[in-house]
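Overview (structure and organization)
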Amino acid sequence: MKKNILIFILILFAKISFSYSQNNASELLIKSFNELAKFDNVKYEATYKKKYFNKDDTLNRKGLVCLTRQNTDTFFNGYIWFNTYDSIYKFYDLNFIYEVNENLKKAILYDPLKKQDRAINGNISKGLIWMDFLKPDKIKYLIDSLNIIILENDTIVNNNKCWNILIKFPDTDLFTEEEMKICINKKDWIPIFTTLKMKFQGNYQYSELDLLSYSFNLVDLTRYNPNQIPNDFIIEDFHRKEVKPLDSLTDAPVIYGKNFQKKLKLDTINFIGKITILDFWYMNCAPCIHAFPIIEKLNEKYKNNIQIICLNNKDKTDERIKKMDQFISFNPINTDILFIADSVIEKYKVYAYPAFYIIDKNGKIIYNQVGVSETLFEDMSKIIEKIIFLRKN
């Protein structure tokens, strides 16, 4: 009886301790982000690291950054200036993004309204931008009741004693084991170190932002003024190179590559006599993965009339090929995978992934599609049905 009472007391104590830890950690987060919200701008030096799901190497960046919060801005919620200690620096003045190359004495102007924000968003250096500062209301998402928030043992970051908070997020259909770690400087309540980790199809992605030094409310708005560009520099508007897929009734260019299913034997696609679907993809492409069930559904429905070839020019190194079996175990790829040269991408004018072509039994291109749409299966089915009908008649 005494033993049972003791066990009950221990369980009750553990539950109370966990509840205290959760509540205390949430309070620390709220106070920390409220502290950030007090400041209008920040200048800091930081390092950023990122490892992508299917890659083993970790990318590293170090830079000097200035941010000024502006809640009316719909793109980044503020002004941005950063330099990764090379000849190029970038800044955003709430209207345009400027990429300044001091060696070339040239600046390129990007217009976010024309979807040209990839000058920042499409670059690994974007990780240096301290989004917690620009958007401190992110705290509402972090302390969501579905998240588990744990106050762990104190830690040391850049010689600063910090509270160490772990946030575990619920699993989703895509990601599992997603968790964030935030280290808050005990001297000033500033979150100076943040990591984010998640698992997808057996692989982990990891990112880390580490603030090495920082100062608040010392940045003047002239930091983001285009007048900082020297007068002798050339300023050009960004012009995206227009690349269009091959037109219908064009002869499909010859394709050969190493066939994964045939132990990397050199193989050439024969377009004559069967309808061919070409799927250009790579492993770290989320839309490509989203398209696989659709392509497999087409394969099942028309397996007596079509051949589907999955073409990959980005995962052809020995290191990447070794990961292919694991990748296939999570994704329905029951068609040939061909590792191709970049020259094939150029011939087929592939500028984004995934990209699809349907080729008739005479080797003529009948259909092309870039990206995954909700109607992809229906659209491709109609084309295939039409070709089958014309062949029968």
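Cut-offs applied
- Residues numbered from 1 in each chain as written.
- Predicted model: local features only at pLDDT ≥ 70, side-chain atom pairs only at ≥ 80, totals over all residues.
- Heavy atoms only, no water.
- Helix = DSSP H or I, 4+ residues; strand = E, 2+ residues; numbered from the N terminus.
- Buried < 20%, exposed > 50% of the residue type's maximum accessible area, 1.4 Å probe, protein only.
- Contact = heavy atoms within 4.5 Å.
- Areas by Shrake-Rupley, 256 points an atom, 1.4 Å probe, with all protein chains shown as cover.
- Lys, Arg positive; Asp, Glu negative; His and termini not counted.
- Charge placed at Lys NZ, Arg CZ, Asp CG, Glu CD.
- Core = buried A, V, L, I, M, F, W, Y, C linked by side-chain atoms within 4.5 Å.
- Expected span 1.5 Å × (residues − 1).
- Bend = angle between axes of the 7 residues up to and from the residue.
- Patch = residues over 30% accessible without salt bridge, like charges linked within 9 Å, V, L, I, M, F, W, Y side chains within 5 Å.
- Salt bridge = Lys/Arg side-chain N within 4 Å of Asp/Glu carboxyl O.
- pLDDT = per-residue confidence, 0-100.
- Pairing = 2+ DSSP bridges.
- Axes fitted to C-alpha atoms, helices over the stretch in contact; angles between N-to-C directions.

1. A look at the overall build of the protein chain
- Along its length, the protein chain carries nine helices and 19 strands.
- Counting only C-alpha atoms and orienting by the principal axes, one finds that the protein chain spans roughly 85 × 80 × 35 Å.
- Burial status across the protein chain gives 46% buried among its 393 residues.
- The contacts of the protein chain with a sequence gap of at least 6 include a subset with a gap of at least 24, amounting to 62%.
- Counting every atom, the protein chain has about 21500 Å² of accessible surface; 53% of that belongs to carbon and sulfur.
- Of note, the protein chain has its 55 positive side-chain charges centred 4 Å away from the centre of its 49 negative side-chain charges.

2. Description of the nonpolar core
- In this structure, Ile255, Leu278, Phe280, Trp281, Leu311 and Tyr348 are the most contacted members of the largest nonpolar core, which totals 37 residues.
- Elements with a contribution of two residues or more to this core: strand E10 (191-200), strand E15 (275-280), helix H5 (286-301), strand E16 (306-312), helix H7 (324-330), strand E17 (336-339), helix H8 (342-347) and strand E18 (355-359).
- Residue contacts for tryptophan 281: discarding those within four places in its chain leaves Cys288, Phe292, Cys310, Leu311, Asn312, Asn313, Met324, Phe327, Ile333, Ile337 and Tyr353.
- Listed in part, the 30 residues of the second largest apolar core include Tyr92, Ile97, Ile124 and Val157.

3. Remarks on the environment of leucine 109
- One can find leucine 109 in strand E6 (residues 106-110).
- On the accessibility criterion, leucine 109 (14% relative accessible area) is buried.
- The spatial distance from the C-alpha of leucine 109 to the C-alpha of threonine 176 is 39 Å, given a sequence separation of 67 residues.
- Setting aside residues no more than four positions away along its own chain, leucine 109 makes contact with Phe96, Ile97, Tyr98, Gln116, Glu236, Asp237 and Phe238.

4. Section: the environment of lysine 181
- Tracing the sequence through the fold places lysine 181 in strand E9 (residues 176-185).
- Between the alpha carbons of lysine 181 and leucine 28 there is a distance of 13 Å; along the sequence they are 153 residues apart.

5. A look at H5
- The terminal C-alpha atoms of H5 lie 24 Å apart, and with 16 residues this matches the ideal 22 Å at 1.5 Å per residue to within 8%.
- The largest bend in H5 comes to about 30°, at phenylalanine 292, with the proline proline 293 one to four residues further on.
- Taken together, the buried positions of H5 are occupied by Cys288, Ile289, Ala291, Phe292, Ile294, Ile295, Glu296, Leu298 and Asn299.

6. What to know about a nonpolar patch on the surface
- On the surface, Val254, Tyr256 and Leu266 cluster together into a nonpolar patch covering about 340 Å² of accessible area.
- Note on placement: leucine 266 falls in strand E14 (residues 265-268).
- For leucine 266, a relative accessible area of 59% gives the class exposed.

7. Remarks on the confidence of the model for the protein chain
- Confidence in the prediction for the protein chain averages 91 pLDDT; 93% of positions are at 70 or higher.
- Helix H1 (residues 2-37) is the least confidently modelled element of the protein chain, averaging 64 in pLDDT, while strand E3 (residues 78-83) averages 98, the highest of any element.
- Taken as a whole, residues 5-20 scores under 50 in pLDDT and shows two contacts with residues more than four places along the chain or in a different chain.

8. Some remarks on the pattern of salt bridges
- Applying the stated criterion across every chain yields a total of 15 salt bridges.
- For lysine 199, the salt bridge goes to glutamate 177, with nearest N and O atoms at 3.6 Å. Placement of the pair is lysine 199 in strand E10 and glutamate 177 in strand E9, with a sequence separation of 22 residues.
- The closest approach of N and O atoms between aspartate 267 and lysine 262, which form a salt bridge, is 3.1 Å.
- The partly exposed category is assigned to lysine 262, whose relative accessible area is 43%.

9. Points about the sheet that holds strand E13 (residues 256-259)
- With mixed pairing, seven strands are arranged side by side in an open sheet as E14-E13-E17-E16-E15-E18-E19. For this open sheet the edge positions go to E14 and strand E19 (365-370), each flanked by a neighbour on one side alone. On average, adjacent strands in this sheet sit at an angle of 30° to one another, irrespective of strand direction.
- Two strands pair when backbone bridges link them, and E15 and E16 are joined in this way by six bridges, in the parallel orientation. Across the sheet, the residue bridging to aspartate 279 is cysteine 310, located in E16.

10. So, unusual backbone geometry
- Looking along the chain, the bond that leaves tyrosine 353 and enters proline 354 is cis, with omega of -10°.
- One non-glycine residue with positive phi stands out, namely glutamate 177, at about 55°.

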